[in-house]
Amino acid sequence: MSSKSHATLRYTSMRFSLFGACFVVALVLADLGVLPTTAGVSGVFLLLILAGIVSAPLSYVLLSRQRDEMSAQISSGIEQRKARPGGGMKQRIAAQTAAEDALDDAVRADRTA
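For clarity, every value in this text was computed on a predicted model and none was experimentally measured.

Enquirer: Any details on the pattern of salt bridges? Residues and values, ideally.
Expert: Side-chain pairing between opposite charges can occur once the charged atoms of the two side chains come close. The full count for this structure, using the stated rule, is 3 salt bridges. The salt bridge involving Glu69 is made with Arg10; its shortest N-O contact spans 3.4 Å. Placement of Glu69 in helix α3 (residues 64-83) and of Arg10 in helix α1 (residues 7-32) is noted, with a sequence separation of 59 residues between them. You can call Glu69 buried: its relative accessible area is 13%. Where Arg108 meets Asp104, a salt bridge forms, and the shortest distance between an N and an O atom there is 3.1 Å. Placement of the pair is Arg108 and Asp104 together in helix α4 (residues 89-112), with a separation of 4 residues, close to one helical turn. On the basis of relative accessible area, Arg108 is assigned to the exposed category, the value being 53%. Overall, Asp104 belongs to the partly exposed group, its relative accessible area being 34%. Members of the salt-bridge network, linked through shared partners, are Arg10, Arg65 and Glu69.

What counts and what doesn't
Residues numbered from 1 in each chain as written. Predicted model: local features only at pLDDT ≥ 70, side-chain atom pairs only at ≥ 80, totals over all residues. Heavy atoms only, no water. Salt bridge = Lys/Arg side-chain N within 4 Å of Asp/Glu carboxyl O. Helix = DSSP H or I, 4+ residues; strand = E, 2+ residues; numbered from the N terminus. Buried < 20%, exposed > 50% of the residue type's maximum accessible area, 1.4 Å probe, protein only.

By themselves these figures say nothing about function.
If you want it as structure tokens, here you go:
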């Protein structure tokens, strides 16, 4: 199995792991008193926001290779779907539209007769 076959799953799991690590670091810093927090749910919510703000630029820098692999995987999947005979989205929409028009014409012809 190639390393790019699960690129989206790998990128997503690494992104969640990075967010989790940032959240754990924020919890430890709050417990040590380095980060001022409030007690209760609002304090945890603020730490979650802080972890999201810190993990976003980190993931942008640290996970660029995985993001490129994921993008290549998604792009190749789209190109494969376009290359299928009769499998393009435009053709399917045109076929559905033609079927709806035929049904609508039949119903209108039935009403006038």
